[in-house]
Amino acid sequence: MAKTIQAIRGMNDCLPTESGKWQQVEATIRQVVASYGYQEIRTPIVESTDLFKRSIGEVTDIVEKEMYTFEDRNGDSLTLRPEGTASAVRAGNEHGLIYNQQQRLWYMGPMFRHERPQKGRYRQFHQFGVETYGLESADIDAEVILLSARLWKLFGIEDAVSLQINSLGSNEARQAYKQTLIDYLSAHKSQLDEDSLRRLESNPLRVLDSKNPQVQEVVANAPSLLDHLDEESEAHFKKLCELLDAAGIRYEVNPKLVRGLDYYNRTVFEWVTDSLGAQGTVCAGGRYDGLVEQLGGKAAPAVGFALGLERLVLLLETLDKIEANDAAAEIYVTAMGDDTLAYASQVAETLRDQKPAWRVMLHCGGGNFKKQLKRADKAGAVVALLIGSDEMAAGQVSVKPLRNNGEQITVAATELPQVLTGMLAG
Ligand code: HAM
């Protein structure tokens, strides 16, 4: 036999046993974004490498070591998108969606990062994200947080996730704070690890979210970013807290929350859980008022977030909040003998015309009665329609309940929708 080819490490297949769960999650998300008036945007999976370098930042984990970058046949440097924000801004600028306008957008799809795969962390993963443009005040920051909170409520996991928020202030205030932080960290260099020493030079704020306990000790006493906010950002953050309080959203202000992408200013937030082990951030985002202009558009305020769908599905599974629901069909149409095939197919097609939401599977490939019923069972069907030459001659169908002890009955084909409605409901 030929050697089999395996999927790429960290890139998962979503099998029929799983895809039903994903469809349920996606349907809930679509319903929620619609209920807030957000519109979908779909962008290509591949973009110019420069787009991500200029937005996420050259000195970030993503750009330094995680991007899938390659040259195409023209010698252009392309990258599989590691996130959706940069693409949304690129598309918004390109098509005039952002210029002097307000937008509330959402997207869902695969992202790619060459990270070390583990539970909740993959090389191809999926994000659902929202991005809003042209709205500056804290009401929209509160809205995107409320939108995410509504999802937790609908999924029944509101007690398993908690919200952390912080403000990074204006670019100017952050620059000034950076120097204060560098001075402080430089005085504690001997306690910093290699990574933090490197970041001290290139991206000192990232030292604040080091996972190394020894570095964390130093960071615990570092001057706080929240004490160095500019006046407007302070007022903006205060307003956001008030709005969240008024909406009954519980949160923790975490002055060490800085996020791993460079484009943020003012509000940043993360929804975290301790039910997933190391990869506990389910959803994260914030404000990025400088990015639209940085990518060539007219300056426009922006705020959004992205949610990791694998992590959400894992969390729902861990908490027993989702069922596989992998039955392929509820009605299984059997056909005894070659001469009944066309009639059986016609019965199935007519049912699909009459009841488009019903899942009707037609037996293909022949075989005896027992074999066909076995297939009906495997498909998860609730009823089997039995079609032989007698039924065909009389324009009838025999209906056999499969999941209870109900009697088999024979009815006119025209009565099927009515008869089956009762049986499927029962
Ligand atoms: P991020 O924090 O890089 O932000 O990713 C957002 C979420 O995507 C994470 O919290 C996590 O749930 C999921 N995620 C990230 N990497 C992986 C991975 N390797 N495997 C599985 N899940 C992963 C962003 O991407 C920003 N674009 C969010 C944003 C939108 N900010 C403003 N607008």
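The model shown is predicted, which means the values in this text are computed figures rather than measured ones.

## Looking at the UniProt feature "domain: Aminoacyl-transfer RNA synthetases class-II family profile" (unreviewed entry) in the chain
Line of reasoning, step 1. If you check UniProt for "domain: Aminoacyl-transfer RNA synthetases class-II family profile" (unreviewed entry), the listed places come out as residues 22-356 in our numbering.
Line of reasoning, step 2. For residues 22-356, helix accounts for 40% and strand for 20%, while the C-alpha atoms at its two ends are 22 Å apart.

## Side note on the pattern of salt bridges
Line of reasoning, step 1. Inspection of the entire model under this criterion finds 19 salt bridges.
Line of reasoning, step 2. Here Asp61 ties to Lys65 by a salt bridge, and the two come within 3.7 Å at their closest N and O atoms. With Asp61 and Lys65 both in helix H3 (residues 61-66), this residue pair falls four residues apart, about one helical turn.
Line of reasoning, step 3. Between Glu94 and Arg90 there is a salt bridge; the shortest N-O distance is 2.9 Å. Taken together, the residues span about one helical turn, with Glu94 and Arg90 both in helix H4 (residues 85-94) at a distance of four residues.
Line of reasoning, step 4. One salt-bridge network, held together by shared partners, links Glu18, Lys21 and Glu317.

## Digging into the nonpolar core
Line of reasoning, step 1. The biggest cluster of nonpolar side chains holds 93 residues, and the ones touching the most others in it are Phe128, Ile145, Trp152 and Trp271.
Line of reasoning, step 2. Counting residues per element, this core draws most heavily on helix H5 (residues 138-155), which supplies ten residues.
Line of reasoning, step 3. Leaving out residues up to four positions away in the same chain, Phe128 has contacts with Ile29, Val33, Trp106, Tyr107, Met108, Leu147, Leu151, Phe305, Ala306, Leu307 and Leu309.
Line of reasoning, step 4. Tyr343, Ala344, Val347 and Val399 belong to the second largest nonpolar core, which has 18 residues in total.

## Digging into helix H11 (residues 309-318)
What sets the pattern is the α-helix's 3.6 residues per turn: residues three or four places apart point alike.
Line of reasoning, step 1. Taking burial as the measure, the ten residues of H11 include eight buried ones, the bulk of the element.
Line of reasoning, step 2. In this structure, the buried residues of H11 make contact with helix H1 (16-35), strand E5 (103-112), strand E6 (124-133), H5, strand E10 (281-287) and strand E11 (302-308).
Line of reasoning, step 3. Immediately downstream of H11, the backbone of Asp320 shows phi near 60°, a positive value.

## Topic: the sheet that holds strand E12 (residues 331-333)
Adjacent strands of a sheet form backbone hydrogen bonds with each other and so pair up, either parallel or antiparallel.
Line of reasoning, step 1. Ordered in space as E13-E12-E14-E15-E16, the five strands form an open sheet in which the pairing is mixed. The outermost strands of the open sheet, each flanked by one partner alone, are strand E13 (360-362) and strand E16 (409-412). Recorded for the sheet is a direction-independent mean angle of 25° between the axes of neighbouring strands.
Line of reasoning, step 2. When E12 meets strand E14 (residues 383-386), the two strands line up parallel, connected through three bridges. Residue Tyr332 lies in a different strand from E14, and its bridge partner there is Ala384.
Line of reasoning, step 3. Against the sheet, helix H12 (residues 341-354) engages E12, E13, E14 and strand E15 (396-401), with an angle of about 165° to E13.

## So, a positive patch on the surface
Line of reasoning, step 1. On the surface, a cluster of positive charge is made up of Lys370, Lys371, Lys374, Arg375 and Lys378.
Line of reasoning, step 2. By the secondary structure assignment, Lys378 is in helix H13 (residues 369-378).

## Considering the sheet that holds strand E3 (residues 68-71)
Line of reasoning, step 1. The antiparallel open sheet is built from three strands, whose spatial order is E2-E4-E3. Pairing within the sheet leaves two strands with one partner each, and these edge strands are strand E2 (46-48) and E3. Looking at each pair of strands side by side, their axes are set apart by 35° on average, direction ignored.
Line of reasoning, step 2. Sheet topology places E3 next to strand E4 (residues 77-80); four bridges connect them, and they run antiparallel.

## Examining the UniProt feature "binding site: L-histidine" (unreviewed entry) in the chain
Line of reasoning, step 1. What UniProt calls "binding site: L-histidine" (unreviewed entry) maps, in this numbering, to Glu83, Gly84, Thr85, Arg113, Gln127, Glu131, Arg259, Tyr263 and Tyr264.
Line of reasoning, step 2. Inspection of the secondary structure assignment puts Arg113 in the loop between E5 and E6.
Line of reasoning, step 3. Here Arg113 falls in the buried class, since its relative accessible area comes to 15%.
Line of reasoning, step 4. Filtering out sequence-adjacent residues up to four positions away, Arg113 remains in contact with Ile62, Glu66, Tyr68, Pro82, Glu83, Tyr122, Arg123, Phe125 and Gln127.

## Examining the state of the cysteines
Line of reasoning, step 1. Scanning the entire structure with this criterion turns up zero disulfides.
Line of reasoning, step 2. A disulfide-free cysteine, Cys283 has its sulfur positioned 17 Å from the sulfur of Cys241, the nearest such atom.

## A look at the site of the ligand
Line of reasoning, step 1. In the vicinity of the ligand there are 26 residues, among which Glu83, Thr85, Glu115, Glu131 and Tyr264 approach most closely.
Line of reasoning, step 2. In the environment of the ligand, a nitrogen atom lies 2.9 Å from a nitrogen or oxygen atom belonging to the backbone of Tyr122.
Line of reasoning, step 3. Notes on the ligand: free accessible area 660 Å², of which the protein chains cover 96%.
Line of reasoning, step 4. The biggest single contributor to the shell around the ligand is E10, with six residues.
Line of reasoning, step 5. Broken down by class, the residue content of the shell around the ligand amounts to eleven nonpolar, eight polar and seven charged.

What counts, and at which threshold
Residues numbered from 1 in each chain as written. Predicted model: local features only at pLDDT ≥ 70, side-chain atom pairs only at ≥ 80, totals over all residues. Heavy atoms only, no water. UniProt positions renumbered as here; feature names shortened; annotations may be inferred. Helix = DSSP H or I, 4+ residues; strand = E, 2+ residues; numbered from the N terminus. Salt bridge = Lys/Arg side-chain N within 4 Å of Asp/Glu carboxyl O. Core = buried A, V, L, I, M, F, W, Y, C linked by side-chain atoms within 4.5 Å. Buried < 20%, exposed > 50% of the residue type's maximum accessible area, 1.4 Å probe, protein only. Contact = heavy atoms within 4.5 Å. Pairing = 2+ DSSP bridges. Axes fitted to C-alpha atoms, helices over the stretch in contact; angles between N-to-C directions. Patch = residues over 30% accessible without salt bridge, like charges linked within 9 Å, V, L, I, M, F, W, Y side chains within 5 Å. Areas by Shrake-Rupley, 256 points an atom, 1.4 Å probe, with all protein chains shown as cover. Lys, Arg positive; Asp, Glu negative; His and termini not counted. Charge placed at Lys NZ, Arg CZ, Asp CG, Glu CD. Disulfide = S-S within 2.5 Å. Near = heavy atom within 4 Å. Polar contact = N/O pair within 3.5 Å; in protein donor to acceptor, adjacent residues only side chain to side chain. Nonpolar A, V, L, I, M, F, W, Y, C, P; charged D, E, K, R; others polar.

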